[in-house]
Amino acid sequence: MSLRVLACLLFTSAPLLAASPALRTELAAQLAADYPSLESLYRHFHANPELSLMEEKTAAKLAAELRDVGCEVTEHFGGTGVVAVLKNGDGPTLLLRADLDALPVREETGLPYASTVRVKDLAGDEVPVMHACGHDLHLTVLVGAARRLAALKDHWRGTLLLIGQPAEERGLGARAMLTAGLYRLYPKPDYAIALHDSATLPAGTVGTLEGFIMANVETLEITVRGQGGHGAAPHLTKDPVVLAARIVLALQTIVSRELRPGEPAVVTVGSIHGGTKSNIIPDEVKLQLTLRSYSDDTRRYLVDAIARICRGEALAAGLPEDRLPVLTLVENDFTPSLYNDPALTQRITGVLSDWLGSENLKPIQPEMIGEDFSRYGRTTEKVPSTMIRLGAVAPKTWHEAQRTGAPLPSLHSSKFAPAPEPTIKTGVTVLTAAALDLLAR
């Protein structure tokens, strides 16, 4: 029997001890009583967003809430990160992560608690700030789950490792916390779970998926060099604008003609800049690309194929070796793909089906967006991890969109407005139920 098959059997055959009707009723009653406080906390987070690497007040507020629960809390870990530990005897360790940061977006939801915040970003530019990705929901749900698990200590044993992570939107926070020694200075997790709200699922539902759920995200910059001159004498130049255009078109064949059909990948040229005036052929043109994939082999292939195409097109255009395009991978912009451990995901899916009802578990598809929660499962410790999608669209709004085909505001939209209830209650139930099962006595 393979280790993976054995692991699946161990995970999925575990009894769902946390799913008794009496316990579900008790949790629902506690959550109903606590909900007004949680919605107030959510509104506070929503109205007071902070940008990546600048989440000082958000982190302090989260730290205070988790101290009130009885956690041992460390602030300013890996920058503005928060680490909270709640111990309850011997047993496994479960990591639960929420993210702190917001986005430079001007809110247009019309909510009474909408953000009006404007700040200077790290570059010194004044920008609006909004929780357009739902991290305020994630924080509120983490606090709610911590409260409920502290109140239900008779039903579980082990350690909760609660993470308030900075800079998810920039793909920097998880790496910073791990580099700072998260797994060395605190109990090493046996499991790691995160929620991420969904702008396509109705509130009260969740989505789970085994295997790859989000992508490798890579930023590649290409400097296309040439030999500039007068626009009226192109024969005396090596035009980098034309060469850049040939490269952009050739790149479109990588996914369509070089990868095995069905292998997920994206090569997008999102930015092209070159030249200053209509009658001047410039010396160079700059391209910026985003590359998306799931497997590390495909990730490497994309970069190698782009380098080959750039070199080949430049040589075909008559460029000498010392004027070939220069390719630069932006290391700080890389986020590895997110892989939901199949055995852990199967087990959690069974738990949630029992707690929420199978009708509230929705099928989801993998996406080509990035999420640095992936890093918690990619260390040498190989911690089994899974991310659960939390429906956040008001049910009435969702059903109307299904009826009319009208698009819903997406994550990162200035009009994205989650429905606090039942989203928060569902999220707290999800994390609490998962913890009660994984840490069952």
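Since this is a predicted model, take the numbers as computed values, not measurements.

Undergrad: Run through the pattern of salt bridges, naming residues and quoting values.
TA: All chains considered together, the criterion is met by 26 salt bridges. Between Glu-321 and Arg-311 there is a salt bridge; the shortest N-O distance is 2.8 Å. A residue pair is termed long-range when its members are at least 10 positions apart, and Glu-321 in the loop between helix H8 (296–316) and strand S15 (326–329) and Arg-311 in helix H8 qualify at 10 residues. A relative accessible area of 49% means that Glu-321 is categorised as partly exposed. Owing to a relative accessible area of 39%, Arg-311 belongs among the partly exposed residues under this scheme. Across the pair Asp-437 and Arg-347 runs a salt bridge whose closest N-O atoms are separated by 2.6 Å. Taken together, the residues Asp-437 in helix H11 (residues 420–438) and Arg-347 in helix H9 (residues 342–356) connect sequence positions 90 residues apart.

Undergrad: Now, about the sheet that holds strand S10 (residues 216–225): what can you tell me, with residues and values included?
TA: The sheet built from 4 strands is open, its strands ordered S12-S14-S10-S15 with antiparallel pairing. With one partner strand each, in any of the chains shown, strand S12 (265–274) and S15 form the two edges of the open sheet. Direction aside, the axes of adjacent strands within the sheet are offset by 20° on average. Here S12 pairs with strand S14 (residues 284–293) via 9 bridges, running antiparallel. Following the sheet pairing, Val-269 is matched in S14 by Leu-289. Of the strands in this sheet, S10, S12, S14 and S15 touch H8, which is tilted by about 160° from S14.

Undergrad: Can you explain the confidence of the model for the chain? Please cite residues and give values.
TA: Residues with a pLDDT of 70 or more make up 96% of the chain, whose mean pLDDT is 95. Ignoring residues within four places in sequence, the model shows residues 1–18, a span with pLDDT below 50, making 30 contacts including any to other chains.

Undergrad: Run through helix H7 (residues 240–258), naming residues and quoting values.
TA: Between its first and last C-alpha, H7 extends 25 Å over 19 residues, near the 27 Å set by a 1.5 Å rise per residue. Those residues of H7 not exposed but buried are Pro-240, Leu-243, Ala-244, Ile-247, Ala-250, Leu-251 and Ile-254. Along the axis of H7, the buried positions cluster into a sector of 130°, meaning they face one direction only. Among the exposed residues of H7, those pointing more than 90 degrees away from its buried face are Leu-249 and Arg-257. The elements touched by buried residues of H7 are S10, S12, strand S13 (280–281), S14 and H8. Where H7 starts, the residue carrying a side-chain oxygen 2.8 Å from the main-chain nitrogen of Val-241 turns out to be Asp-239.

Undergrad: For the pairing of S10, give the residues involved together with the corresponding values.
TA: Look at any regular strand and the pattern is simple: side chains alternate between the two faces of the sheet. Burial analysis of S10 places 8 of its 10 residues in the buried class, the great majority of the element. Two strands pair when backbone bridges link them, and S10 and S14 are joined in this way by 10 bridges, in the antiparallel orientation. Paired with Thr-223 across the bridge in S14 is Lys-286. Bridge count for S10 against S15 is 4 bridges, and the pairing is antiparallel. Pairing of Thr-223 across the sheet is with Val-326, part of S15.

Undergrad: Requested: an account of the nonpolar core, with residues and values cited.
TA: With 67 residues, the main nonpolar core has Leu-94, Leu-160, Leu-162 and Ile-193 as its most contacted residues. Counting residues per element, this core draws most heavily on H11, which supplies 9 residues. Once residues within four sequence positions are removed from consideration, Ile-193 is found in contact with Leu-94, Leu-95, Leu-96, Arg-97, Ile-348, Phe-373, Thr-386, Ile-388, Leu-431, Ala-434 and Leu-438. Formed by 25 residues, the second largest nonpolar core is a distinct cluster that contains Leu-251, Leu-259, Ala-314 and Leu-324.

Reading guide: rules and limits
- Residues numbered from 1 in each chain as written.
- Predicted model: local features only at pLDDT ≥ 70, side-chain atom pairs only at ≥ 80, totals over all residues.
- Heavy atoms only, no water.
- Salt bridge = Lys/Arg side-chain N within 4 Å of Asp/Glu carboxyl O.
- Helix = DSSP H or I, 4+ residues; strand = E, 2+ residues; numbered from the N terminus.
- Buried < 20%, exposed > 50% of the residue type's maximum accessible area, 1.4 Å probe, protein only.
- Pairing = 2+ DSSP bridges.
- Axes fitted to C-alpha atoms, helices over the stretch in contact; angles between N-to-C directions.
- Contact = heavy atoms within 4.5 Å.
- pLDDT = per-residue confidence, 0-100.
- Expected span 1.5 Å × (residues − 1).
- Arc of directions from axis to C-beta.
- Polar contact = N/O pair within 3.5 Å; in protein donor to acceptor, adjacent residues only side chain to side chain.
- Core = buried A, V, L, I, M, F, W, Y, C linked by side-chain atoms within 4.5 Å.

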